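The primary structure of each chain is shown beneath.
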Amino acid sequence: MHFSGRTTENRQHYLGFSSDLQRRYGQHRSGWGANETRKTIAEGLTLTVAQTWKGTPALERRLKEWSRDGRRGFYRICPLCPRQDDLPPDLTRALGSPSMRVYCNGDRGSVARAREPR
Ligand SMILES: [Zn+2]
């Protein structure tokens, strides 16, 4: 998830795992998600689902470890941020192509799925 600005802790992204994106996104947006998104909402910022991948909690952990290592953050894998494709090859393989690209429709937060890449 991409935030509309930086939090007081200088963060602009959140990565999570869910088997039900719409439900979890609703929880995050209403302030009942993770601590990090709750604080983000409280600071008046907006959450946008920028990208999803098919994967497992193990992949989520690997990505979080990668982002913490060297304090990279997630902007390099966020399509809403200027990108630098410097993911290590094993992570690039694990992610594959995005399972879908998700666009946020304003404050109502409806999620529209684009066609899967062929
Ligand atoms: Zn971003």
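Residues numbered from 1 in each chain as written. Predicted model: local features only at pLDDT ≥ 70, side-chain atom pairs only at ≥ 80, totals over all residues.

**Student:** Which residues make up the overall build of the chain, and what are the values?
**Tutor:** Secondary structure summary: the chain contains 4 helices and 4 strands in total. Counting from the amino terminus, helix and strand elements in the chain follow one another as β-α-α-β-α-α-β-β. The 118 residues of the chain split such that 15% are buried. Sequence separation of 24 or more characterises 62% of the internal contacts of the chain that already satisfy a separation of 6 or more. (Helix = DSSP H or I, 4+ residues; strand = E, 2+ residues; numbered from the N terminus. Buried ≥ 20, exposed ≤ 12 C-beta atoms within 10 Å, placed from the backbone. Contact = placed C-beta atoms within 7 Å.)

**Student:** Quick one: what's the story with unusual backbone geometry, residue by residue and with numbers?
**Tutor:** Phi is mostly negative for residues that are not glycine, and the peptide bonds are mostly trans. Of note, the phi angle at Asn 10 is positive, near 65°, even though the residue is not glycine. Secondary-structure assignment places Asn 10 in the loop between strand S1 (2–3) and helix H1 (21–29). On the basis of neighbour counts, which here come to 8 C-beta atoms within 10 Å, the residue Asn 10 falls in the exposed class.

**Student:** Explain the environment of Leu 45 residue by residue, including any values.
**Tutor:** Following the sequence through the fold, Leu 45 ends up in the loop between helix H2 (35–42) and strand S2 (47–48). When the C-alpha positions of Leu 45 and Gly 5 are compared, they lie 6.3 Å apart, and in sequence the two are 40 residues distant.

**Student:** Help me get a handle on the confidence of the model for the chain, residues and values and all.
**Tutor:** Predicted confidence across the chain gives a mean pLDDT of 80, with 76% of residues reaching 70 or more. Mean pLDDT in the chain bottoms out at strand S3 (residues 102–105), which sits at 44, and peaks at H2, which reaches 95. Contacts from residues 102–118, a stretch scored under 50 in pLDDT, to residues over four places away or in other chains number 24 contacts. (pLDDT = per-residue confidence, 0-100.)

**Student:** Just give me the short version of the environment of Glu 36, but keep the residues and values in it.
**Tutor:** By secondary structure assignment, the location of Glu 36 is in helix H2. Taking the number of C-beta atoms within 10 Å as the measure of exposure, Glu 36 has 18 and is therefore partly exposed. Taking the C-alpha atoms as reference points, Glu 36 and Tyr 14, separated by 22 residues in sequence, lie 7.4 Å from one another. Setting aside its immediate chain neighbours within four residues, Glu 36 contacts Arg 11 and Tyr 14.

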